Amino acid sequence: MATQDQNTAPTTPAEKGLPDTAAAAKPAAPAPRVDRTASFSSSRIPTDVEAAGTTTIAEGVVAKVAGIAAREVAGVYALGGGGARAFGAIRDVINATDLAQGVKVEVGETQAAADLTIVVEYPAPIQEVANNVRAAVAGAITRLVGLEVVEVNVEVNDVHVPGQDNNQDAEESRVS
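Since the model is a prediction, treat every value here as computed from it, not as a measurement.

A. Representation of the overall build of the protein within the structure. Helix and strand content of the protein: six helices and four strands. Secondary structure elements in the protein, listed N-terminal to C-terminal, are α-α-α-β-α-β-β-α-β-α. Taken across its 176 residues, the protein has 21% of its residues classed as buried. Taking as baseline every contact in the protein between residues at least 6 positions apart, the subset at least 24 positions apart corresponds to 70%. On the protein, roughly 13200 Å² of surface is accessible, and the fraction owed to carbon and sulfur atoms is 53%.

Below you can see the structure in the form of structure tokens.
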């Protein structure tokens, strides 16, 4: 028959008859002023309350969302035609980047349509890049703006060849 040994020796300062200095040495942590455990959500907004009113989303907002989504697609070098990219380069220098460059949108009450002009990076497959842009833009508009996307037209205006910019700059300096 097995027996169990139990340790009956005092383990805490109070059991030993001593003052609890370890507990007294630890100051209580102050309560945080901001609840950082909750992430961004609508949990504090009551969902059962309905308020009258309308929400109007400007075309510029939808165009900016579409432009950001298109720029995130692999294979997209730039947005806009030649003139728009030239002005865009100037805007970039003065930190006034136009995120809606190369994007035109039509916004209705519940639907949106977008037209984008892109430059594809060589050797990315152009049709695949255009399809990915179409999907990314439609998804972003639906998810962020809440509008149904009826169409996204993608015009591929140019193909950017890596190193081409450096060669053009060198040729222009020799000509002038």
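B. Here's a closer look at the packing of helix H3 (residues 59-71) against helix H5 (residues 126-145). Contact pair H3 / H5: the axes reach a minimum separation of 8 Å and the direction vectors enclose 135°. The pairing of H3 with H5 is recorded here as oblique in orientation. As H3 packs across H5, the resulting crossing turns out to be right-handed. Two secondary-structure elements touch here, H3 through Val62, Val65, Ala66, Ala69 and Ala70 and H5 through Val133, Ala136, Val137, Ala140, Ile141, Leu144 and Val145. Residues belonging to the contact of H3 with H5 are distributed by class as follows: 12 nonpolar, no polar and no charged.

C. Broad picture of unusual backbone geometry. Across the junction of Tyr122 and Pro123, the peptide omega takes the value 10°, indicating a cis bond. Tracing the backbone through its elements, the reader meets Pro123 in the loop between strand S3 (111-121) and H5.

D. Representation of the side chain of Thr117 in the model. Its location among the elements puts Thr117 in strand S3. Accessibility expressed as a relative area gives 17% for Thr117, which makes it buried.

E. Layout of H5. Between its first and last C-alpha, H5 extends 27 Å over 20 residues, near the 28 Å set by a 1.5 Å rise per residue. Considered for burial, the residues of H5 that qualify are Val129, Ala130, Val133, Val137, Ala140, Ile141 and Val145. For H5, the buried positions fall inside an angular range of 100° around the axis, keeping them on one side. Facing away from the buried side of H5, by more than 90 degrees, are the exposed residues Gln127, Ala135 and Arg143. Packed against the buried residues of H5 are H3, strand S1 (76-79), S3 and strand S4 (148-160). Downstream of H5 by a residue or two, Gly146 has a phi angle that is positive, lying close to 85°.

F. Main features of the nonpolar core. By size, the foremost hydrophobic cluster in this structure holds 27 residues, and its most contacted members are Leu79, Val103, Leu116, Ile118, Val133, Val137 and Ile141. Every element with two or more residues in this core is listed here: H3, S1, strand S2 (103-107), S3, H5 and S4. For this core, the element with the most residues is H5, which contributes seven residues. The contact partners of Leu116, leaving out residues within four places of it in the chain, are Ala66, Ala70, Leu79, Gly102, Val103, Val133, Val137, Val152, Asn153, Val154 and Glu155.

G. Looking closely at a negative patch on the surface. A cluster of acidic residues, Glu59, Glu106, Asp115, Glu151 and Glu155, forms a negative patch on the protein surface. Tracing the backbone shows Glu59 in helix H3.

Each value, and the rule that gives it
Residues numbered from 1 in each chain as written. Predicted model: local features only at pLDDT ≥ 70, side-chain atom pairs only at ≥ 80, totals over all residues. Heavy atoms only, no water. Helix = DSSP H or I, 4+ residues; strand = E, 2+ residues; numbered from the N terminus. Buried < 20%, exposed > 50% of the residue type's maximum accessible area, 1.4 Å probe, protein only. Contact = heavy atoms within 4.5 Å. Areas by Shrake-Rupley, 256 points an atom, 1.4 Å probe, with all protein chains shown as cover. Axes fitted to C-alpha atoms, helices over the stretch in contact; angles between N-to-C directions. Parallel < 35°, antiparallel > 145°, perpendicular 65-115°, else oblique. Left-handed = near helix turned anticlockwise from the far one by under 90°. Nonpolar A, V, L, I, M, F, W, Y, C, P; charged D, E, K, R; others polar. Expected span 1.5 Å × (residues − 1). Arc of directions from axis to C-beta. Core = buried A, V, L, I, M, F, W, Y, C linked by side-chain atoms within 4.5 Å. Patch = residues over 30% accessible without salt bridge, like charges linked within 9 Å, V, L, I, M, F, W, Y side chains within 5 Å. Salt bridge = Lys/Arg side-chain N within 4 Å of Asp/Glu carboxyl O. Lys, Arg positive; Asp, Glu negative; His and termini not counted. Charge placed at Lys NZ, Arg CZ, Asp CG, Glu CD.

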